[in-house]
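Chain residues, written in single-letter form:
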Amino acid sequence: MIEFKKVNKTYSDGTEAVKDFSLHIEEGEIVTLIGPSGCGKTTTMKMVNRLIEPTLGEIYINNKNIKKYNIHELRWNIGYVLQQIALFPHMTIGENISVVPEMKKWKRKDVDKRAEELLQMVGLDPSTFKKRMPQELSGGQQQRIGVIRALAADPDIILMDEPFSALDPISREQLQDDIRKLQKEIKKTILFVTHDIDEAMALGDKVCLMKGGEIVQIDTPQNLILHP
Ligand code: ADP
Ligand code: ADP
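Residues numbered from 1 in each chain as written. Chains lettered and ligands numbered in written order. Predicted model: local features only at pLDDT ≥ 70, side-chain atom pairs only at ≥ 80, totals over all residues. Heavy atoms only, no water.

**Some details on the site of ligand 2**
For step 1, the next point in the chain: The local shell around ligand 2 consists of Tyr11, Asp13, Thr15, Ala17, Pro36, Ser37, Gly38, Cys39, Gly40, Lys41, Thr42 and Thr43.
For step 2, the next point in the chain: Residue tyrosine 11 places a side-chain N or O atom 3.5 Å away from a nitrogen atom belonging to ligand 2.
For step 3, the next point in the chain: Take cysteine 39: an N or O atom from its main chain is 3.2 Å from an oxygen atom of ligand 2.
For step 4, the next point in the chain: Examining the composition of the shell around ligand 2, we find that three residues originate from one element, helix α1 (residues 41-48), more than from any other.
For step 5, the next point in the chain: Of the residues contributing to the shell around ligand 2, the split by class is four nonpolar, six polar and two charged. (Near = heavy atom within 4 Å. Polar contact = N/O pair within 3.5 Å; in protein donor to acceptor, adjacent residues only side chain to side chain. Helix = DSSP H or I, 4+ residues; strand = E, 2+ residues; numbered from the N terminus. Nonpolar A, V, L, I, M, F, W, Y, C, P; charged D, E, K, R; others polar.)

Here it is in structure tokens:
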């Protein structure tokens, strides 16, 4: 689980990016964070893995204050998927997926097995794709690798910052399906940032609407009241 308790972030130039932000994301739940550009979504997300420190307030992961974790331990337990996925260009797809499990000193055969399982889960045949280089994949396929790479070492928490926004609508829908499928099988706690309301509604167990650094509404997609 992730819990934000009255979190504020004011940047050194005085910009109040996040104000009095409280949010509880249960284990296995997907919360989508939506709002206009500049409303504080990325700042909120980056505070979870301590790329940004809150000015005020506390954040808990699995009931433990994130400041109490060793930073590596914290980040290893968080998969992070960005819009600009950066696969390592000189490594095969199999090697790309295996980076974090290897850092965690998983056994070779467990690393290989995991890479194959994940490729299969997103519909990419391991015998074809493990050996390929990133540039031999389409944008959508690369993005899928970015997603499963974040899952490879079995983190409890996944942060996704507009992971599909650079993709065409079809790849995008495919990836949304992948996320739903993955979520059914492996039940991760996911914070998903998007500025696409359809995506937010399609993926979120709860949708959190932000404006000017504050939560203006949080509810299930069915109950959310939209003011166009
Ligand atoms: P109610 O609890 O009467 O159904 P609320 O507006 O309090 O209505 O909450 C609607 C849903 O959103 C509930 O599932 C609640 O747990 C959740 N919720 C409300 N506020 C927050 C928040 N700040 N962080 C996380 N979840 C919230
Ligand atoms: P979003 O992800 O919703 O687009 P951000 O979290 O990136 O929003 O930004 C929230 C606000 O904080 C914006 O006004 C942005 O200009 C500002 N901001 C972001 N990063 C910095 C920074 N390093 N220094 C000062 N202001 C920043």
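Moving on from the coordinates now.
**Some thoughts on the nonpolar core**
For step 1, the next point in the chain: Counting 31 residues, the largest nonpolar core has Ile97, Leu119, Ile145, Val147 and Phe164 as its most contacted members.
For step 2, the next point in the chain: Of all the secondary-structure elements, those providing two or more residues to this core are α3 (93-103), α4 (108-121), α6 (139-151), β7 (157-161), α7 (169-186) and β8 (189-194).
For step 3, the next point in the chain: The element best represented in this core is α6, accounting for five residues.
For step 4, the next point in the chain: Residues contacting leucine 119, with those up to four places away along its chain left out, are Ile93, Ile97, Leu124, Pro126, Phe129, Lys130, Ile145 and Ile148.
For step 5, the next point in the chain: Within the second largest apolar cluster, 27 residues are counted, among which are Leu23, Ile52, Ile66 and Val193. (Core = buried A, V, L, I, M, F, W, Y, C linked by side-chain atoms within 4.5 Å. Buried < 20%, exposed > 50% of the residue type's maximum accessible area, 1.4 Å probe, protein only. Contact = heavy atoms within 4.5 Å.)

**Digging into the sheet that holds strand β4 (residues 56-61)**
Across a sheet, strands are paired by hydrogen bonds formed along the backbone, either parallel or antiparallel in direction.
For step 1, the next point in the chain: Strand order in this open sheet of four strands is β2-β1-β4-β5, and the pairing throughout is antiparallel. Since the sheet does not close on itself, it has two edges, and those belong to β2 (16-25) and β5 (64-65), each with one partner. (Pairing = 2+ DSSP bridges.)

**Remarks on the state of the cysteines**
For step 1, the next point in the chain: The final tally for this structure, using the stated rule, is zero disulfides.
For step 2, the next point in the chain: Free of any disulfide, cysteine 39 has its nearest neighbouring cysteine sulfur in cysteine 208, separated by 9.0 Å.
For step 3, the next point in the chain: A relative accessible area of 2% places cysteine 39 in the buried class. (Disulfide = S-S within 2.5 Å.)

**Thoughts on the packing of α3 against α6**
For step 1, the next point in the chain: Closest axis-to-axis distance for the α3/α6 pair is 7 Å, and the angle between their directions is 30°. In terms of their interaxial angle, α3 and α6 are classed as roughly parallel. In the crossing of α3 with α6, the sense of the turn from one axis to the other is right-handed. On the side of α3, the interface is formed by Ile93, Asn96 and Ile97, while α6 contributes Ile145, Ile148 and Arg149. (Axes fitted to C-alpha atoms, helices over the stretch in contact; angles between N-to-C directions. Parallel < 35°, antiparallel > 145°, perpendicular 65-115°, else oblique. Left-handed = near helix turned anticlockwise from the far one by under 90°.)

**Let's talk about the pattern of salt bridges**
For step 1, the next point in the chain: This structure, assessed with the given rule, holds 14 salt bridges.
For step 2, the next point in the chain: A salt bridge links glutamate 58 to lysine 67; its shortest N-O distance comes to 3.5 Å.
For step 3, the next point in the chain: For glutamate 58, a relative accessible area of 28% corresponds to the partly exposed category.
For step 4, the next point in the chain: Across the pair glutamate 102 and arginine 108 runs a salt bridge whose closest N-O atoms are separated by 2.6 Å.
For step 5, the next point in the chain: With relative accessibility at 47%, the residue arginine 108 sits in the partly exposed group.
For step 6, the next point in the chain: Salt bridges sharing partners connect three or more residues here, namely Glu102, Arg108, Asp112, Glu116 and Lys130. (Salt bridge = Lys/Arg side-chain N within 4 Å of Asp/Glu carboxyl O.)

**Concerning the sheet that holds strand β6 (residues 78-82)**
For step 1, the next point in the chain: Ordered by their spatial adjacency, six strands build an open sheet running β6-β7-β8-β3-β9-β10, and the pairing between neighbours is mixed. The sheet is open, and its two borders are formed by β6 and β10 (214-219), each paired with just one other strand. Sheet twist, expressed as the average angle between the axes of neighbouring strands with direction ignored, equals 15°.
For step 2, the next point in the chain: Inspection of the sheet shows strand β9 (residues 206-211) paired to β10 by five bridges, in the antiparallel sense. Among the inter-strand pairings, leucine 209 is bridged to a residue of β10, identified as glutamine 217.
For step 3, the next point in the chain: Together, β3 (30-34), β6, β7, β8 and β9 form the strand contacts of α1, whose direction differs from that of β8 by roughly 155°.

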